[in-house]
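# Breakdown of the fold
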Number of protein chains: 2
Amino acid sequence: MNGIKEYAEGLAKRAKDIVYEVAGKGTNDKNAALIAMAESINDHRSYIIDVNKKDLEFAEASGKNAAYLERLMLNDKRIDGMIQAIRDIAALPDPVGSGNMLSRRPNGLKIMKVRVPIGVVMMVYESRPNVTSDAAALTLKSGNTVILRGGKEAVNSNQAIANSIREALEHTGFPRDAVQLVDRTEHEIVNELLKLDKYIDVVIPRGGEGLIRAVVEASRIPVIKHDKGVCHVFIDQSADKAKAEAITVNAKVQRPSVCNAIESLLIHKDYPHAASVVKALVKNKVEVRIDRKSMKAVEGLPAGLKDATEDDWYTEYLDYIISVKMVRDVDDAIDHINTYGSHHSDSIVSEDYGNVQRFLDRVDSAAVYANASTRFTDGGVFGLGAEVGISTQKLHVRGPMGLEGLTTEKWVIYGDGQIRE
Amino acid sequence: MNGIKEYAEGLAKRAKDIVYEVAGKGTNDKNAALIAMAESINDHRSYIIDVNKKDLEFAEASGKNAAYLERLMLNDKRIDGMIQAIRDIAALPDPVGSGNMLSRRPNGLKIMKVRVPIGVVMMVYESRPNVTSDAAALTLKSGNTVILRGGKEAVNSNQAIANSIREALEHTGFPRDAVQLVDRTEHEIVNELLKLDKYIDVVIPRGGEGLIRAVVEASRIPVIKHDKGVCHVFIDQSADKAKAEAITVNAKVQRPSVCNAIESLLIHKDYPHAASVVKALVKNKVEVRIDRKSMKAVEGLPAGLKDATEDDWYTEYLDYIISVKMVRDVDDAIDHINTYGSHHSDSIVSEDYGNVQRFLDRVDSAAVYANASTRFTDGGVFGLGAEVGISTQKLHVRGPMGLEGLTTEKWVIYGDGQIRE
């Protein structure tokens, strides 16, 4: 534990020391810094890619799988994506300083609620190095300072990106420590940081279940979780066959590796085309795991389907796999989703007005759909611009978390000597 | 630990089992239940007061002080207050079902953000039994179910109140377990409940620092803190003498036992009437603890003032005591408040436009005032109606927490077969 506590405290205290300086910057200054950040990453492009190669070699040598290496890898196209993302964030409206409550009380007090930065944000994430620049840009645009802690295997790539950003900050009149990267890889540093609620205002973990659970358990700081997506499509008895199949296939295979893809399909016991939708999934190279008991009466299922176990209903495959079950009615579907799902995104396909309303009212998820693919849960699609992630919790922000999610409000009161009677 | 885990799980699971039934109730049904709750408490008035006498005897015998007994005590006037509070909550607008974002996307998706209940709320509080009825009414009005855990010494009073409420719920078609009281007093039950993030959506602790810290450290459930109020008045060099003294005295003595009363006074080193404001405090029976070093040049201070220690600047006295210090300028005042304060409510008294703006922008508190008493931080004054408390944290709700703070939002999307390209 050589100096770990001091190192963590140093980062956190520094982030807090400059928080009011950064919060006080105007929109034009912040946008100029963002443009400079994008340019600096462009200028250091070949250096970043070289450093990333070393991270890749080390990760490969330490036995990481192909999917991991694919997420870690940077090339020109990905650097272009990072640069464009920063430019897009510069073009978004600044949430700071806006408000929608203003009143004058009978005693003459003028009371308003104003949107302000949260303060010090800590991001904990895994392998993708582009999160470093996305998170830096989003937190800066919303007037916060940030402490970034990426995956151990990406530390050199992240450092190269962060240093490009910090250089740009310095050149545009911002403290370079508005963006700080944890550049030591000891795991204990995260746990030390998570104790420092005196300095850090919020921690945002993005990654697998293990990461999220560890952060929630260790943290004294409020956490905004970006947890897994165990999403569902429910095909009601009255569903339109073409829509049901198009939506189910799209929600599963259009991009299986993301959190708003579905993992389970629920079908009303009297829906007449159950075998057909299963066949459509198989045709799209999806491994279908069925609940043998509820599906025993379904005729015409393809041969050789696997059995789903109890664990399957909780599982986020992020792959060409789906679990399928027949349910008694819309209430049975709602119960299943509220019990096994992760409260992310769920859709009903139905032509029955009452069942649609019941599903939308009672499914307890961040996004509930009627007759559309769950794949639309996204900050861009919902009109929020770039997103920090998809919050699966209920407090502060639910669903896609945009710039506004990185702010809080404060009450500002203008008086003229008023006292309370 | 005799059955403690099972007991806690039983409460939490039951609260979750009926959460969608309660969430689905309309405003008229909820208001009818609230009116019935008020009537039931009225009907059981003498029983509740009798039971409270036993709690009082027990608390007195176990050595609780007079202030504690005063908070615990119920009489006709206080029961009237509880009944009126429930009626007031019935008259408030229902936050559930409202929204302010609705858009139609280019592909025809209709996307809206709708306010919904949070789900299962847990309240942990200390001695005042009226919190039992206030919290039950607020959580029911906002469509939630609630688990109440009051002070050990108040358990019989709380049980009498909760049973009156539960009877009324049953008579108006609600599950009586929409309001559950922890009626066993073992401390471990709270810690068991705080692990049950599977069933409980949010925990709201209200009470002293020790209670809040214990809940934050033990909880896996998101917490909305209602922490202490170390509030300040800063008298700037240019302050109007009459306003400065009226605001300082009001903020300290109008009701010293509440969280929006001030605990510290900061005075600009060149403000010419420092001795006068200290005298005004002393005249109002306030014990003044001064920073001897910064105040050594102040002439005309009353004799016999105590010295403030470093601890004083962090202390919420909730009593006729104040700490006083001279500061160099507005920035020095802002630094002091952001360092020692509890980010609750702070006020500047000044006729200088720039200093007022700087103070309002940079003091990092839930409510910041210019030329008014901090005593106005209150859900009623701010136009929110009845309040659950004053949140001193930045996420989800900041400052007075009304009915809206007990809700979250969900995204509801109506489609017609849309899939993602």
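Because the structure is a prediction, the values reported are computed rather than measured.

## What to know about the overall build of chain A
When its secondary structure is counted, chain A shows 14 helices and 16 strands. Taking 2.2 N^0.38 as the reference for a compact globule, 421 residues should give roughly 22 Å; the C-alpha atoms of chain A span a radius of gyration of 24 Å, in line with that estimate. Overall, the C-alpha framework of chain A stretches about 70 × 70 × 40 Å when taken along its three principal axes. A sequence separation of at least 24 residues applies to 73% of the contacts in chain A between residues at least 6 apart.

## A closer look at the confidence of the model for chain A
For any part of a model where pLDDT is low, the fine detail of the predicted coordinates should not be relied upon. Of the residues in chain A, 100% reach a pLDDT of 70 or more, and the chain-wide mean stands at 95. Confidence metrics for the complex model read pTM 0.90 and ipTM 0.90.

## A short note on the interface of chain B and chain A
Of the residues lining the interface, 55 residues belong to chain B; the matching set on chain A comes to 56 residues. If you list the elements that add at least two residues to the side of chain B that touches chain A, you get helix H10 (209-218), helix H11 (241-253), helix H14 (353-362), strand S13 (367-372) and strand S16 (407-418) of chain B. Here the side of chain B that touches chain A takes 11 residues from S16 of chain B, the largest share from any one element. Of the residues in the side of chain B that touches chain A, the class split is 25 nonpolar, 16 polar and 14 charged. In terms of strand pairing, strand S16 (residues 407-418) of chain A meets S13 of chain B through 5 bridges, oriented parallel. Counterpart to tryptophan 411 of chain A in the pairing with S13 of chain B is alanine 367 of chain B.

## Considerations on unusual backbone geometry
Only a minority of non-glycine residues have a phi that is not negative, and only a minority of peptide bonds are not trans. The backbone of lysine 285 of chain A sits at a positive phi, close to 70°, despite the residue not being glycine. Tracing the chain through its elements places lysine 285 of chain A in the loop between helix H12 (274-283) and strand S9 (287-290).

## Overview of the relation of the copies chain B and chain A
For the pair chain B and chain A, the best superposition has an RMSD of 0.1 Å and corresponds to a rotation of 180° with a translation of 0.0 Å parallel to the axis. The relationship between the two copies is best expressed as a two-fold rotation axis. Judged by C-alpha distance, histidine 396 of chain B is the residue of chain B that lies nearest the rotation axis, at 1.8 Å. Looking at chain B, 100% of its interface residues are interface residues in chain A too, so the copies touch through the same face.

## Digging into the domain arrangement of chain A
Looking at the assigned domains, one finds that chain A contains domain 1 (4-226 + 397-414) and domain 2 (231-375). Here the C-alpha centroids of domain 1 of chain A and domain 2 of chain A sit 36 Å apart.

## Quick look at helix H8 (residues 155-171) of chain A
Residue and element names in this part refer to chain A. The terminal C-alpha atoms of H8, which comprises 17 residues, lie 24 Å apart, in line with the 24 Å expected from a rise of 1.5 Å per residue. Buried residues along H8 sit against helix H3 (27-43), helix H4 (45-61), helix H7 (130-141), strand S4 (145-149) and strand S5 (179-181). Count one or two residues on from H8 and you reach glycine 173, which has phi positive near 80°.

## Some details on the sheet that holds strand S6 (residues 202-205) of chain B
Residue and element names in this part refer to chain B. Strand order in the open sheet formed by 4 strands is S5-S4-S3-S6, with parallel pairing between adjacent strands. Either end of the sheet is taken by a strand with one partner, and the two such strands are strand S5 (179-181) and S6. Each neighbouring strand pair of the sheet contributes to a mean axis angle of 20°, computed without reference to strand direction. Inspection of the sheet shows strand S3 (residues 120-124) paired to strand S4 (residues 145-149) by 5 bridges, in the parallel sense. For methionine 123, the partnering residue across the bridge sits in S4 and is leucine 148.

## With respect to helix H4 (residues 45-61) of chain B
All names here are of chain B. Between its terminal C-alpha atoms H4 stretches 25 Å, which fits the 24 Å expected from 17 residues at 1.5 Å a residue. Considered for burial, the residues of H4 that qualify are Ile48, Val51, Asn52, Asp55, Leu56 and Ala59. Buried residues along H4 cover an arc of 155° about the axis, so they all sit on one side. In this structure, H4 carries Ser46, Tyr47, Lys54, Glu57 and Ala61 as exposed residues pointing more than 90 degrees from its buried face. In this structure, the buried residues of H4 make contact with helix H5 (66-72), helix H6 (76-91) and helix H8 (155-171). Once H4 ends, the next one or two residues include glycine 63, with phi positive near 90°.

## Side note on the pairing of strand S12 (residues 345-349) of chain B
All names here are of chain B. Counting buried positions along S12 gives 5 out of 5 residues, so the element sits mostly inside the fold. The alternating pattern of S12 places Ser345, Ser347 and Val349 and Asp346 and Ile348 on opposite faces, both of which are buried. Note: strand S7 (residues 231-235) against S12, 4 bridges, orientation parallel. Each bridged residue has a counterpart across the sheet, and for isoleucine 235 the counterpart in S12 is valine 349.

## Considerations on the environment of glutamate 153 of chain B
Residues and elements named next belong to chain B. Tracing the sequence through the fold places glutamate 153 in the loop between S4 and H8. Taking the C-alpha atoms as reference points, glutamate 153 and phenylalanine 58, 95 residues apart in sequence, are found 7.4 Å from one another. Contact partners of glutamate 153, with chain neighbours within four places excluded, come to Asp55, Phe58, Ala59, Lys64, Leu72 and Ser127.

## Focus on the pairing of S3 of chain B
Residues and elements named next belong to chain B. Where burial is concerned, most of S3 is hidden: 5 out of the 5 residues are buried. The two faces of S3 match: Val120, Met122 and Val124 on one face and Val121 and Met123 on the other face are all buried. Viewed along the sheet, the connection from S3 through helix H7 (residues 130-141) into S4 turns out right-handed. Across 4 bridges, the pairing between S3 and S6 is parallel. Following the sheet pairing, valine 121 is matched in S6 by valine 202.

## As for the packing of helix H3 (residues 27-43) of chain B against H6 of chain B
Residue and element names in this part refer to chain B. Two numbers describe how H3 lies on H6: the axes approach to 9 Å, and their chain directions differ by 175°. Viewed along their axes, H3 and H6 adopt a mutual orientation that is roughly antiparallel. Contacts between H3 and H6 pair Asn31, Leu34, Ile35, Met37, Ala38, Ile41 and Asn42 from the former with Ile79, Met82, Ile83, Ile86, Arg87, Ile89 and Ala90 from the latter. In the contact of H3 with H6, the residues fall into 11 nonpolar, 2 polar and 1 charged.

## A short note on the sheet that holds strand S3 (residues 120-124) of chain A
Residue and element names in this part refer to chain A. Read from one edge to the other, the open sheet built from 4 strands follows the order S5-S4-S3-S6, with strand pairing classed as parallel. Only two strands of the sheet have a single partner each, and these edge strands are S5 and strand S6 (202-205). If you compare each strand with its neighbour and ignore which way they point, the axes differ by 20° on average. Relative to S5, S4 runs parallel, the two being bridged by 3 bridges. Counted as the bridge partner of isoleucine 147 is glutamine 180 from S5. Helix H1 (residues 4-17) rests against S3, S4 and S5 of the sheet, and its axis sits at about 155° to S4. Those strands touched by H7 are S3, S4 and S5, and its axis lies near 165° from that of S4.

## Quick notes on the environment of valine 356 of chain B
Residue and element names in this part refer to chain B. Inspection of the secondary structure assignment puts valine 356 in helix H14. A sequence separation of 15 residues divides valine 356 from asparagine 371, and the C-alpha atoms of the two residues are 9.0 Å apart. Other than its neighbours up to four places away in sequence, valine 356 contacts Ile348, Ser350 and Ala370.

About the cut-offs
Residues numbered from 1 in each chain as written. Chains lettered and ligands numbered in written order. Predicted model: local features only at pLDDT ≥ 70, side-chain atom pairs only at ≥ 80, totals over all residues. Helix = DSSP H or I, 4+ residues; strand = E, 2+ residues; numbered from the N terminus. Rg over C-alpha atoms; globule rule 2.2 N^0.38 Å. Contact = placed C-beta atoms within 7 Å. pLDDT = per-residue confidence, 0-100. Nonpolar A, V, L, I, M, F, W, Y, C, P; charged D, E, K, R; others polar. Pairing = 2+ DSSP bridges. Least-squares fit on C-alpha atoms with pLDDT ≥ 70 in both. Domains from an automatic or database assignment. Expected span 1.5 Å × (residues − 1). Axes fitted to C-alpha atoms, helices over the stretch in contact; angles between N-to-C directions. Buried ≥ 20, exposed ≤ 12 C-beta atoms within 10 Å, placed from the backbone. Arc of directions from axis to C-beta. Right-handed = clockwise from strand over helix to strand, strands pointing away. Parallel < 35°, antiparallel > 145°, perpendicular 65-115°, else oblique.

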